[in-house]
Amino acid sequence: MFATEATILKLLTLCALAHSINAHALSSQGPVSVPISPEQKYLVVRGESGSPASDASEEHLVFNNAATMLLQSFKAQQKAAADGLEECSEPKHKATFSGFDYVILLSMLAISLGIGIFYGFFQKGGSSSNEFLLGSEMSIFPVTLSLTTSFITAIELLGNPSEMYFQGTQFVLIVLPMIMVIPVAVKIFYPIYFKMELTSCYEYLGIRFGKEIRILGAVLYVIQMCFYTAVAVLAPAIALSKATGLDTKIAVILIYVVCVFYSSQGGMKAVVIADSFQAAVLAVSLVLIVGLGTYYSGTPVQIFTAAAEHDRLEFFNFDANPTTRHTVWSVVIGGFFYWTSLFCTNQASVQKCMSLKSLRLAKIALGFAILGLIAVFLLNFYTGLMVFTNYAGCDPLTVGRITASDQLLPFYVISTYEHISTVAGIFVAGIFAASLGTVASALNSLSAVTCEDLLVNGMNIKISPEKGATYAKWMSLGFGIASFGLVFIVEHLGGVLQATLTLNGLIGGVTLGLFVLGIACKQANTKGAFYGGLLSLALVIFVGVVAQISSVEEPALPLSIGECNCRVNVTGLIENLLTEKMSPLPAKESGFTSWPIFHLSYMWYSMIGCLLTVFLGWLISLIIDAIQRRNVLKITGKGIDNLAVSPDVFKSESPVLSTPAQPVTLAHQSEPVENSSTEAKGHLNLAIRIDDE
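Residues numbered from 1 in each chain as written. Predicted model: local features only at pLDDT ≥ 70, side-chain atom pairs only at ≥ 80, totals over all residues. Heavy atoms only, no water.

Focus on the state of the cysteines
Within this structure, the stated rule accounts for one disulfide. Paired by a disulfide, Cys394 and Cys564 hold their sulfur atoms 1.9 Å apart. Here the disulfide of Cys394 and Cys564 is right-handed, its torsion about the S-S bond being about 105°. With Cys394 in the loop between helix H14 (359-390) and helix H15 (408-416) and Cys564 in the loop between helix H19 (526-550) and helix H20 (571-579), the pair connects residues that are 170 residues apart, well separated along the chain. A relative accessible area of 18% places Cys394 in the buried class. (Disulfide = S-S within 2.5 Å. Helix = DSSP H or I, 4+ residues; strand = E, 2+ residues; numbered from the N terminus. Buried < 20%, exposed > 50% of the residue type's maximum accessible area, 1.4 Å probe, protein only.)

Written out as structure tokens, the structure is:
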């Protein structure tokens, strides 16, 4: 009888809630019914939606009283039935680090510090800025490993499994554009960099367009990488905090102290060698987790079967709607522009390739680095499906075991393999290793950009080769402190994966557009590139910010808590339904925020920024060129009024040519303009000359 009463109470509660959710508001003018949105969870009658409680109808008050009574009875029955089970959100036992785990993590950090100490204080060389920033002809193997780890951070290690778990496998196609980037990099971009013997890739923008564009590219890179490093540090801090209970801020400080020290003291050699060591730690961590998961979570067949049964497998979503978050088009096409900006116009990548002896070695290193990156990503994606199989019946986020999606993988490792000594330490060490490599590379590249592009070129500060390394070390330290401050802003941006891809898309796409404009458009000039770049940057940032403000979080795929071996606090949800203030029917979105462009997938931002920069830069260049031609024609329209100008100028059939660096004036045209003379055209475009060769 007792069980029967409990069942009846549960059924009555469910019926009452179903009635409230699916009820219809009765119009005061008649029996016409209007559908109620999911946000309105009450029985609403006589048009009282949004009315205060004091004005509610008698039917509504009676329903609330009955539902409250049923809820109290349901709570009592649930408590009696759940005796002996702990609350899911408040487990009595929480897995923590053991002494062996701390030894492993601290050993990895100590070795990274030791590498910086060795190259900073005991290794000969590195006293000049060129040796400090480029490492003077590094060998191919460590550079390849360093390139691979540059873009394998905790952002991917925590974000990719979470993406597979909550949204499915469509994002796996991001590995395809990585392959597509290889021919573009080795055939177009890096031959230009090596023939010009650049330290900073933004030197090309200075040679092609002038000083202003070089400074613009450098400033954009500084902003982009400062935020990027902040995210790369915050993610492992979250992992360590979840694993050990250590405060996130303390974990952030620990990472920055180690990373800033060895990158600022040892230079590029210390960064590359430390990256090689950290790549080995990362590889051991990934293989260990996947291997143990095969035993504890399921074989590959079981994992893919579970993913298919719960609608996690999706590879061929050809939806042409650009607002769909992940489709074949957005991931492959948008991803191509994203990875091109990272590998071809990002100083951290270019600087490591330029540290090699030749272009041939740089091509080999870049190709193998991208293949290694693909392998790590695929393992990481598989880990996400493995975690989903383990928690298919009891989602830890729903029941309150974790508070954010990015904590999913650390929670899985710490709780599932707690009884296996050192696994947690190796896992967290792998996350730290990946992030340390990325941040160190970023700080070293920021030093190069600041010294070469902003101080020497922008402010005309003379830096001798002997003092160059000292300047670079202080720059690394300064950027490390600045990035540390940005951590406290980044932590409020939500999921680390989408936040980072959005940021890199907004700024990296515009930077890529400036390079493409210089290489592909011979008509482009300095003013066109400058104003086109600034206008494009303003537009994409405006779109991105408005989209972030007005966007609605993508709902996760169905999750289950039906097989939890703990007590789930479902009555809290029911209480919210009863006590939540009634809200009116949501108004249809209107105004400019309803425009489709503000609902685009974040994967399109890189492509939009690049193409918009190229188009506006080209268009503005043509307009400026036409205005300058017209001004010259106005001077010459009434005949030759300037005796200092040779009459041959006006007999020449050559078009009037001008560049921003050296505008064409009558004083400069004392000789006839020859079509074959490259020097007469103003700025020398080395990219075009290389292309002609």
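Remarks on the packing of helix H7 (residues 175-196) against helix H13 (residues 347-354)
Relative orientation of the contacting elements H7 and H13 amounts to 55°, with a least axis distance of 11 Å. Taken together, the axes of H7 and H13 lie oblique to each other. In the packing of H7 onto H13, the handedness of the crossing is right-handed. Counting all contacts with H7, which are made through Tyr190, Tyr193 and Phe194, the residues of H13 involved are Ser349, Val350, Cys353 and Met354. A class-by-class count of the residues in the contact of H7 with H13 yields six nonpolar, one polar and no charged. (Axes fitted to C-alpha atoms, helices over the stretch in contact; angles between N-to-C directions. Parallel < 35°, antiparallel > 145°, perpendicular 65-115°, else oblique. Left-handed = near helix turned anticlockwise from the far one by under 90°. Contact = heavy atoms within 4.5 Å. Nonpolar A, V, L, I, M, F, W, Y, C, P; charged D, E, K, R; others polar.)

Looking at the nonpolar core
The biggest cluster of nonpolar side chains holds 160 residues, and the ones touching the most others in it are Met108, Ile174, Tyr190, Tyr193, Trp339 and Leu366. A total of 18 residues in this core trace back to one element, the largest contributor, which is helix H10 (residues 248-296). By size, the runner-up hydrophobic cluster in this structure holds six residues, among which are Cys88, Cys394, Val399 and Val568. (Core = buried A, V, L, I, M, F, W, Y, C linked by side-chain atoms within 4.5 Å.)

What about the pattern of salt bridges?
When charged atoms on two side chains of opposite charge get close, those side chains can pair. Under the counting rule described, the total for this entry stands at three salt bridges. Of the charged contacts, one joins Arg325 and Glu163 as a salt bridge, the two residues approaching to 2.8 Å between their closest N and O atoms. Placement of the pair is Arg325 in the loop between helix H11 (300-309) and helix H12 (328-344) and Glu163 in helix H6 (residues 154-167), with a sequence separation of 162 residues. A relative accessible area of 15% means that Arg325 is categorised as buried. When the shortest N-O distance is used, the salt bridge between Arg214 and Asp453 registers 2.5 Å. (Salt bridge = Lys/Arg side-chain N within 4 Å of Asp/Glu carboxyl O.)

Side note on the environment of Tyr602
Among the structural elements, Tyr602 can be located in the loop between H20 and helix H21 (605-636). Using a relative accessible area of 6% as the deciding quantity, one classes Tyr602 as buried. Considering only alpha carbons, one finds Tyr602 and Leu503, 99 residues apart in sequence, at a separation of 9.3 Å. At 2.7 Å, the side chain of Tyr602 and the side chain of His326 are in polar contact. (Polar contact = N/O pair within 3.5 Å; in protein donor to acceptor, adjacent residues only side chain to side chain.)

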